[in-house]
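Take a look at the letters that make up each chain.
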Protein chains: 2
Amino acid sequence: MTKSFATRLGDIQPFRVMELLARANALQAAGHQVIHMEVGEPDFSTPEPIIRAGERALHDGQTRYTPAQGIPALREAISRHYQDTQGVDVAPERIFVTAGGSGALLLCSALLLDPGQGLLMTDPGYPCNRHFLKAFSGEGQLVPVTASERYQLTPELIDRYWADNTRGVMLASPSNPTGAMLSSAEMAAIAETVRRRQGFLVADEIYHGLTYDEPAISALVSDPDAFVVNSFSKYFGMTGWRLGWLVVPDNAIRDVEKLAQNLFICPSSISQSAALAAFTAQAKEIMERQKEEFRQRRDFLAPALAELGVGVPLMPDGAFYVYGRLGDGLPDSETFCHRALEEQFVAVTPGTDFGFHEADRHVRFSYAQQLDLLEQGVERIAAAIRNQSGTAS
Amino acid sequence: MTKSFATRLGDIQPFRVMELLARANALQAAGHQVIHMEVGEPDFSTPEPIIRAGERALHDGQTRYTPAQGIPALREAISRHYQDTQGVDVAPERIFVTAGGSGALLLCSALLLDPGQGLLMTDPGYPCNRHFLKAFSGEGQLVPVTASERYQLTPELIDRYWADNTRGVMLASPSNPTGAMLSSAEMAAIAETVRRRQGFLVADEIYHGLTYDEPAISALVSDPDAFVVNSFSKYFGMTGWRLGWLVVPDNAIRDVEKLAQNLFICPSSISQSAALAAFTAQAKEIMERQKEEFRQRRDFLAPALAELGVGVPLMPDGAFYVYGRLGDGLPDSETFCHRALEEQFVAVTPGTDFGFHEADRHVRFSYAQQLDLLEQGVERIAAAIRNQSGTAS
C-alpha cells in the first residue's frame, strides 16, 4: 500500500513555462543560440540605487527578523507611493510587506476562503492564482474571456458566473498573459457589482508601472476595501529579491497579521531595506527609462506578429506580453511551441499555461527581451509558422 | 451583514511573544532598560563570510529568479553537509531550498494533509507547526508531554493518540521550547512505529548544530523517507535572510516542485548565493565559537533558575531555551510574564504560546542573550518571583 499525498495536488499543474525554460537552457548548453521569449522576468538588472541600498543593509547588519508586517519605513514609503501615483490614502497599518506578490496571494487565499468556496477569475489568467486557492482547498472559478470583453471580467460576466459558493472576484490589471487593463469606469462597475453581492474584491496589480498608454488605476480608487496584491518584481526589477506587498481593509489587519506571523515570520530584512531605495528619484529615472524600452518593444512585436498571421486583436496596455492566436493551419499551441523551440530555437509559452479557454490556439510571446533579439525571434517565429503550416491535426 | 473571513482564522492564534516584544520595545523607547529573554533569534550577527558572500552576490547581479527548488550549487552543498554531519546520502534532487524553515513547513502542510486530517505533535511545541496545518484545514493533534518522557513523543504515545484521521507524526529535535532532543534509538523506534502505520514522518530539525552535549541525529538516519525541515536561521545565524530547506523522499519531488513553483516561484537569489559561504571552514569556525557561548549561557541559566525555585527537571540538550515551571505560590504564566515585564523590565514568554498542557504554569526563558545581561535578567526574575509570590489566584 502506498501513501498518497493530499488530493489538492491533483488540481495543481506545474508551470509549463518552467519546463520550457529548462529545455531552452539545455539546448543553449548544447551550443544552440536560443531566443528567450518565454520569460516572465524583466531582462534589466535591478536598478543600481537598489543594489547599493542592499549592500548598505548588509554592511549595517540589517540581517535580523523584522516585524511580520514589514519594517515601518517601507510601509510608509508604499503608503506615500499610493498617494503620489493613485491619489488614495492607504494607511501604512493596512500594508503588509510579503515575499513577492506570491506571499500576498498566499495570505489572501488563506484569509478569504473556506474549503469548497471560490473566487471568480478570468481564463486566460496567471495560473498560480487558481493554484493558490486550490492549495487552500478553495477554487478559482474560471470565466472564459476573449478580446471582445478585452480579456477582463465585466459586471455581466460576474453576475452570470456567480455561484452559491462564490465569495468574490480576483482581477488582474494589467493582466498576464494578455496585458489588458481595466479602465477606471470598468473597475468601478466591477467593484459595485461585487459590493452588491457582499463579495471580496482581490486585485492583482503586480504589473502596475509597466503600462504604455495610460497609467493603471488601482482597485483601491473604486473600492477602499479591496485586497490589493503588488510586487517589487516587475516595474522595480527586483524578481530574485522576493518582495511584494498586500493592502487589506482595516477589518482584516489583525487576521492577516496572525497569518503572516505564523506562515512567514517576516519577509527578507535585506530586501526590505533595499526596497526603500526603489522610491528614490534616481531609481525612478532608471525604471521609467526601462519602461520606455518596453513600450518600444511592444510597438515592434505586436504588429510584427500580426503581420505573420498571428491574431493580436488587442494591443496590450501593459505588462510585457503579447497573447496571440495561432492561424488556422497551425497545430495546437503545445505542439507549436515545442517544435518552435526544437527546430527554430525560439522559446514561447503555450496558452495552456494560462487556462483552458481556447488555450490550445494561443501562445504568449514575452517582450522582456532586447529589441535586436526580438527581431531575430520574430524571424524564427516566421520560420516556425512556415514549417508547421498545414500540419494541424 | 458583514463578510466573514475563513473559519480557519478562529483556530490560529497570534504569537504572544510578538506582542510581548512590541511592548518590551515600547518600554525601551520610553527609557527603560529591558532585558530580552523572550527572543527566538540568536543575538549574534550573521557570520562575516556569509555577509561578504551576500555583498558579492549583489555586486555580481545575482538578483534574478532561480529555479523553484533552489540553485544547484546550494543543494549540492546541503547534500554534502548531510554526508559530513550525519553520514547519510541525500541526493540534491531531494532538497528544496525555501524561505526559512517556514517555507518548508508550508510545503509539507500543503502536500500531506487533506482537510480534516492531522499529524501528531507534542504539546508543548512550536505553535506555528499546528497553525501551518490549520491554515491548510488540517490539524495538529496535540499529545501532552512532560519531563518524564523528556518532552518528546514515544512509540507508546503515538499508538495511544493515533486517530482515524491521523496521517503521521511531526517531531522537533531539539525542540522549541524545551530544548529536548531525541536519541538515535528513540528516533528509530518512532520511525518504525510511524512506518508500521503507513504514516508520514516530518522532522523539524531547525536547531540542529546548536546542541551542547552530543550532536543531534537527523530523522533521515532512521528513515530515508522522512520529510525533514531545516533552516539557515539558528545555527547559521541568517534569520532575516529567510532561508531554509526541506528534504523529501523521491516519490514527493514532483509534487513538491509544483507547489514550490506555484506558491513561492523561488527563494531569495541573494540569500541562496550568500548561504554557499555558510558551509566554509571560516564560517564554521565562527558558528562553533558562538555555539560554545550558547553552551556557557545554558550552563549558567538552567541552574540559576532552578535555584530560584523554577522547575527545570531537564537540562536542555540544544536550541537556546529553558522551559521552566513556575513555583506553586506564583500566578499563571501570562500574569507572571506580564508583571515581570512591567515591573522588572525582563521579557520572558508564557507557556501559553506553546500549547495548552500545563501551559499556564510554564515560562520559556531564552538564552539568546549575552551572559552579563542574562545575569541581570536572573536577578530581575528573582525580584519578579519575590514580588508575585503568594498572588496565585
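Residues numbered from 1 in each chain as written. Chains lettered and ligands numbered in written order. Predicted model: local features only at pLDDT ≥ 70, side-chain atom pairs only at ≥ 80, totals over all residues.

> How should I be thinking about the overall build of chain A in this particular structure?
When its secondary structure is counted, chain A shows 13 helices and 12 strands. Here chain A has a C-alpha radius of gyration of 21 Å; the compact-globule value for 393 residues is 21 Å, and the two agree. Each of the 393 residues in chain A was classed as buried or not, and the buried ones make up 59%. A sequence separation of at least 24 residues applies to 73% of the contacts in chain A between residues at least 6 apart. (Helix = DSSP H or I, 4+ residues; strand = E, 2+ residues; numbered from the N terminus. Rg over C-alpha atoms; globule rule 2.2 N^0.38 Å. Buried ≥ 20, exposed ≤ 12 C-beta atoms within 10 Å, placed from the backbone. Contact = placed C-beta atoms within 7 Å.)

> Explain the interface of chain A and chain B to me, please; I cannot follow it from the model alone.
Where the parts come together, the accessible area they lose is often given as the size of the interface. Between chain A and chain B, the contact holds 62 residues from the first and 62 residues from the second. Elements represented by at least two residues in the side of chain A that touches chain B include exactly α2 (48-59), α4 (100-112), α5 (127-135), α9 (253-264) and α10 (269-275) of chain A. Here the element with the most residues in the side of chain A that touches chain B is α9(A); it accounts for eight residues. Taken together, the residues of the side of chain A that touches chain B sort by class into 33 nonpolar, 20 polar and nine charged. (Nonpolar A, V, L, I, M, F, W, Y, C, P; charged D, E, K, R; others polar.)

> Even after reading the chapter, I still don't get the sheet that holds strand β9 (residues 321-325) of chain A, so can you show me in this structure?
Think of a sheet as strands paired side by side through backbone hydrogen bonds, with each pair either parallel or antiparallel. Residue and element names in this part refer to chain A. Overall, antiparallel pairing links the three strands, which are arranged β9-β12-β11 in an open sheet. Strand pairing shows two members of the sheet lacking a second neighbour, β9 and β11 (349-350), which therefore form its edges. As paired strands, β9 and strand β12 (residues 362-366) are joined by five bridges and run antiparallel to one another. Within the sheet, the bridge partner assigned to arginine 325 lies in β12 and is histidine 362. (Pairing = 2+ DSSP bridges.)

> Hey, could you run me through the nonpolar core in this one?
Nonpolar side chains tend toward joint burial in soluble globular proteins. In terms of nonpolar packing, the biggest core is built from 258 residues, with Leu107(A) and Leu107(B) touching the most fellow members. Non-local contacts of Leu107(B), meaning those with residues more than four positions away in its chain, are made with Phe96(B), Thr98(B), Leu246(B), Val256(B), Leu259(B) and Ala260(B). (Core = buried A, V, L, I, M, F, W, Y, C linked by C-beta atoms within 7 Å.)

> I would appreciate a short explanation of the packing of helix α4 (residues 100-112) of chain B against helix α5 (residues 127-135) of chain B in the present structure.
When two helices pack together, you describe them by how their axes are tilted relative to each other and by the distance separating the axes. Residues and elements named next belong to chain B. Running from N to C, α4 and α5 point in directions that differ by 45°, and their axes come no closer than 9 Å. Our classification of the angle between α4 and α5 gives oblique. Both α4 and α5 take part in a crossing whose hand is right-handed. Taken together, the residues of α5 that come into contact with α4 (itself represented by Leu105, Leu106 and Ser109) are Cys128, Asn129, Phe132, Leu133 and Ala135. Grouping the amino acids of the contact of α4 with α5 by side-chain chemistry returns six nonpolar, two polar and no charged. (Axes fitted to C-alpha atoms, helices over the stretch in contact; angles between N-to-C directions. Parallel < 35°, antiparallel > 145°, perpendicular 65-115°, else oblique. Left-handed = near helix turned anticlockwise from the far one by under 90°.)

> Please clarify how the relation of the copies chain A and chain B should be interpreted in this entry.
In summary, the two copies of the chain are related to each other by a rotation about an axis coupled with a shift along it. Mapping chain A onto chain B leaves a residual RMSD of 0.0 Å; the transformation is a rotation of 180° accompanied by 0.0 Å of translation along its axis. In symmetry terms, the pair is related by a two-fold rotation axis. Of the residues that chain A buries at the interface, 100% are likewise interface residues in chain B, meaning the two copies contact each other through the same surface. (Least-squares fit on C-alpha atoms with pLDDT ≥ 70 in both.)

> Help me out: how do you make sense of the sheet that holds strand β6 (residues 200-204) of chain B in this one?
All names here are of chain B. Ordered by their spatial adjacency, seven strands build an open sheet running β2-β8-β7-β6-β5-β3-β4, and the pairing between neighbours is mixed. Each end of this open sheet is capped by a strand with a single partner; those strands are β2 (95-98) and β4 (139-144). In this sheet, neighbouring strand axes are inclined to one another by 25° on average, regardless of whether the strands run parallel or antiparallel. Pairing geometry for strand β3 (residues 118-123) and strand β5 (residues 166-172), over three bridges, is parallel. Note that in β5 the partner of glycine 118 across the bridge is threonine 166.

> Help me understand the pairing of β12(A), please; the structure alone is not making it clear to me.
In the case of a regular strand, side chains alternate between the two sheet surfaces. Of all five residues that make up β12(A), five are buried, and the element is covered over most of its length. What you see with β12(A) is no split at all: His362(A), Arg364(A) and Ser366(A) on one side and Val363(A) and Phe365(A) on the other are buried throughout.

> Would you explain the domain arrangement of chain A in this entry?
All names here are of chain A. Its domain assignment divides chain A into domain 1 (7-45 + 283-388) and domain 2 (49-280). Taking only C-alpha atoms, the centre of domain 1 and the centre of domain 2 are 25 Å apart. Facing the 33 residues of domain 1 at the interface are 37 residues of domain 2. Elements with a minimum of two residues in the side of domain 1 that touches domain 2: α11 (281-307) and β9. Partitioned by chemical class, the residues of the side of domain 1 that touches domain 2 number 16 nonpolar, seven polar and 10 charged. (Domains from an automatic or database assignment.)

> Sorry, what's going on with α2(A) here?
Think of an α-helix as turning once every 3.6 residues; residues three or four places apart then point the same way. All names here are of chain A. The first and last C-alpha atoms of α2 sit 16 Å apart over 12 residues, in line with the 16 Å expected at 1.5 Å per residue. Considered for burial, the residues of α2 that qualify are Pro49, Ile50, Ile51, Ala53, Gly54, Ala57 and Leu58. Just downstream of α2 lies glycine 61, where phi reads positive at about 70°. (Expected span 1.5 Å × (residues − 1).)

> Any chance you could explain unusual backbone geometry here in plain terms?
Backbone geometry follows two general trends: most residues other than glycine have a negative phi, and most peptide bonds adopt the trans configuration. The omega torsion of the bond from Asn176(A) to Pro177(A) falls at 20°, within 30 degrees of zero and hence cis. Looking at the element boundaries, Pro177(A) is found in the loop between β5 (166-172) and α7 (184-196). Residues Asp123(B) and Pro124(B) are joined by a peptide bond in cis, for which omega reads 10°. Within the secondary structure, Pro124(B) sits in the loop between β3 and α5. Even without being a glycine, Ala319(A) presents a positive backbone phi close to 60°.

> I tried to follow the environment of Ser4(B) on my own but got confused; where do I start?
All names here are of chain B. Turning to its location among the elements, serine 4 is positioned in the segment before α1 (16-29). Judged by the 11 C-beta atoms lying within 10 Å of it, serine 4 is exposed. When the C-alpha atoms of serine 4 and tyrosine 126 are compared, they prove to be 28 Å apart, with 122 residues separating the residues in sequence.

> Looking at this structure, how should I read the packing of helix α12 (residues 333-344) of chain A against helix α13 (residues 371-388) of chain A?
All names here are of chain A. At a minimum axis separation of 10 Å, α12 and α13 run at an interaxial angle of 115°. In terms of orientation, α12 lies roughly perpendicular with respect to α13. As α12 packs across α13, the resulting crossing turns out to be right-handed. Across the interface between the two elements, Phe336, Arg339, Ala340, Glu343 and Gln344 of α12 pack against Arg380, Ile381, Ala383, Ala384, Asn387 and Gln388 of α13. A class-by-class count of the residues in the contact of α12 with α13 yields five nonpolar, three polar and three charged.

> How should I be thinking about the pairing of strand β7 (residues 227-231) of chain B in this particular structure?
Residues and elements named next belong to chain B. In terms of burial, β7 is a largely internal element, five of the five residues being buried. A two-sided burial pattern is seen for β7, the buried positions comprising Phe227, Val229 and Ser231 on one face and Val228 and Asn230 on the other. Pairing of β7 with strand β8 (residues 244-247) involves four bridges; the strand directions are antiparallel. The residue of β8 that forms the bridge with serine 231 is glycine 244.

> Sorry, what's going on with helix α1 (residues 16-29) of chain A here?
Residue and element names in this part refer to chain A. Between its terminal C-alpha atoms α1 stretches 20 Å, which fits the 20 Å expected from 14 residues at 1.5 Å a residue. What α1 keeps buried is the set Val17, Leu20, Leu21 and Ala24. Take α1 and look down its axis: the buried residues cluster within an arc of 100°, on one side only. In α1, those exposed residues whose orientation departs by more than 90 degrees from the buried face are Glu19, Ala22, Ala26 and Ala29. At the C-terminal side of α1, glycine 31 shows a positive phi close to 105°. (Arc of directions from axis to C-beta.)

> Got a minute to help me understand the environment of Arg339(B) in this structure?
Residues and elements named next belong to chain B. Tracing the backbone shows arginine 339 in helix α12 (residues 333-344). When the C-alpha atoms of arginine 339 and serine 269 are compared, they prove to be 44 Å apart, with 70 residues separating the residues in sequence. If near-sequence neighbours (up to four positions away) are discounted, arginine 339 is found in contact with Ala384 and Gln388.

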